[in-house]
Amino acid sequence: DVFGRIYEFFLMKFSMSGAGAQEGGEFFTPPSLVQLIVNFIQPDKGIIYDPACGSGGMFIQTAHFLKNNKTKSVNEKISIFGSELKTNNTKLAKMNLAIHGLEGNIMESNSFYNDSHKLINKCDYVMANPPFNVDKVDKKKNFVKNDERLPFGIPNKDNANYLWIQYFYSYLNKFGKAGFVMAASATDAGKSEKEIRKKLIETGSVESIISISNNFFYTKSLPCHLWFLNKNKKNKDQILMIDARNTF
């Protein structure tokens, strides 16, 4: 645990220095936001997946959550799966798990063009901070056009926010929960993205959206929202909306 905490500390310092991942809409997720996601969905057992896992922070905070709740056999309670585009981040994630004594399957993969773990409808929990507003995804590729993870359609706008949101929804099983960071602009985006959002809301699986201040990221001044999905939500017609922009 001590070595793990030290590793987390240096990962955070690496990000704050400006040398960390911060290109293409991608940046280190502050532990406070990861903790909020984990505490909200309470991932206590089953398959946990992060298709944009970076250095694996979601998995580490899940392990901390389980240990804080007196779970001794973390590796017996959860099965960890992750996908990450960049080679260095993939190595960081694998090392992060190893140092914390966690077992997991982390693959280097482009989630836009490859469903590396084949986990549609199988995940108990999905957690992620995907890169925001990614453009130049080739939506003419056959894989994208026929992707089963896009049940509500392909957005016309040239960013991938509503590709990610649909991925997270599609990976969940019928009792599954998801918590993820998303660009604030996605919450009220119009045109084709609005139609996709409408279909998603009509499923009754959107549990909560939390508006976060724009000073949480170490290397970017960027407002974001936290989205929470729950396919087993009791009140299908209600969504908890929280304005936490002035809460630090």
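Residues numbered from 1 in each chain as written. Predicted model: local features only at pLDDT ≥ 70, side-chain atom pairs only at ≥ 80, totals over all residues. Heavy atoms only, no water.

Chemist: Which residues make up the environment of Asn105, and what are the values?
Modeler: Turning to its location among the elements, Asn105 is positioned in strand 3 (residues 104-108). Here Asn105 falls in the partly exposed class, since its relative accessible area comes to 34%. For the pair Asn105 and His117, spaced 12 residues apart in sequence, the C-alpha to C-alpha distance is 8.9 Å. Ignoring anything within four residues of it in the chain, the contact list for Asn105 reads Ile80, Phe81, Gly82 and His117. (Helix = DSSP H or I, 4+ residues; strand = E, 2+ residues; numbered from the N terminus. Buried < 20%, exposed > 50% of the residue type's maximum accessible area, 1.4 Å probe, protein only. Contact = heavy atoms within 4.5 Å.)

Chemist: Any details on the pattern of salt bridges? Residues and values, ideally.
Modeler: A full pass over the atoms with the stated rule returns 3 salt bridges. In this structure, Lys45 engages Asp44 in a salt bridge whose closest nitrogen and oxygen atoms are separated by 3.8 Å. Classification of Lys45 as partly exposed rests on a relative accessible area of 47%. Under the relative-accessibility criterion, Asp44 is labelled partly exposed at 30%. Residues Asp243 and Arg245 are paired through a salt bridge, measuring 2.7 Å at the closest nitrogen-oxygen approach. Note on Asp243: relative accessible area 48%, which makes it partly exposed. Assessed through its relative accessible area of 45%, Arg245 is described here as partly exposed. (Salt bridge = Lys/Arg side-chain N within 4 Å of Asp/Glu carboxyl O.)

Chemist: I'd like a description of the packing of aromatic side chains, backed by residues and values.
Modeler: What the rule picks out here adds up to 9 aromatic pairs. Plain terms: the ring middles of Phe40 and Phe228 are 3.8 Å apart, the flat faces sit at 20° to each other, and that makes the pair stacked. Of this pair, Phe40 sits in helix 2 (residues 31-41) while Phe228 sits in strand 7 (residues 224-230), placing them 188 residues apart in sequence. Residue Phe40 is classed as partly exposed on the basis of its relative accessible area, which comes to 27%. For Phe228, a relative accessible area of 0% translates into the label buried. Ring geometry for Tyr162 against Trp227: centres 6.5 Å apart, planes inclined by 85°, an arrangement best described as edge-to-face. In this pair, Tyr162 is assigned in helix 7 (residues 161-171) and Trp227 in strand 7, connecting sequence segments 65 residues apart. A residue is classified by how much of its surface remains accessible, and Trp227, at 1% relative accessible area, is buried. Feature note: the residues Phe112, Tyr162, Trp164, Tyr167, Phe168, Phe180 and Trp227 constitute an aromatic cluster, connected by ring pairs. (Phe/Tyr/Trp six-rings, centres within 6.5 Å; stacked < 30°, edge-to-face > 60°.)

Chemist: Just give me the short version of the environment of Ile201, but keep the residues and values in it.
Modeler: Looking at the secondary structure, you find Ile201 in helix 8 (residues 191-202). When the C-alpha atoms of Ile201 and Ile239 are compared, they prove to be 8.9 Å apart, with 38 residues separating the residues in sequence. Ignoring anything within four residues of it in the chain, the contact list for Ile201 reads Val206 and Ile239.

Chemist: Describe unusual backbone geometry, listing the residues and the values that go with them.
Modeler: Across residues other than glycine, the phi torsion is negative in most instances, and most of the peptide bonds are trans. For Asn133, which is not glycine, the phi torsion reads 55° and is therefore positive. The residue Asn133 is located in the loop between strand 4 (123-128) and helix 6 (142-145) in this model. For Asn133, a relative accessible area of 37% puts it in the partly exposed group. One non-glycine residue, Lys191, adopts positive backbone phi at about 55°. By the secondary structure assignment, Lys191 is in helix 8. Given a relative accessible area of 77%, Lys191 falls into the exposed group.

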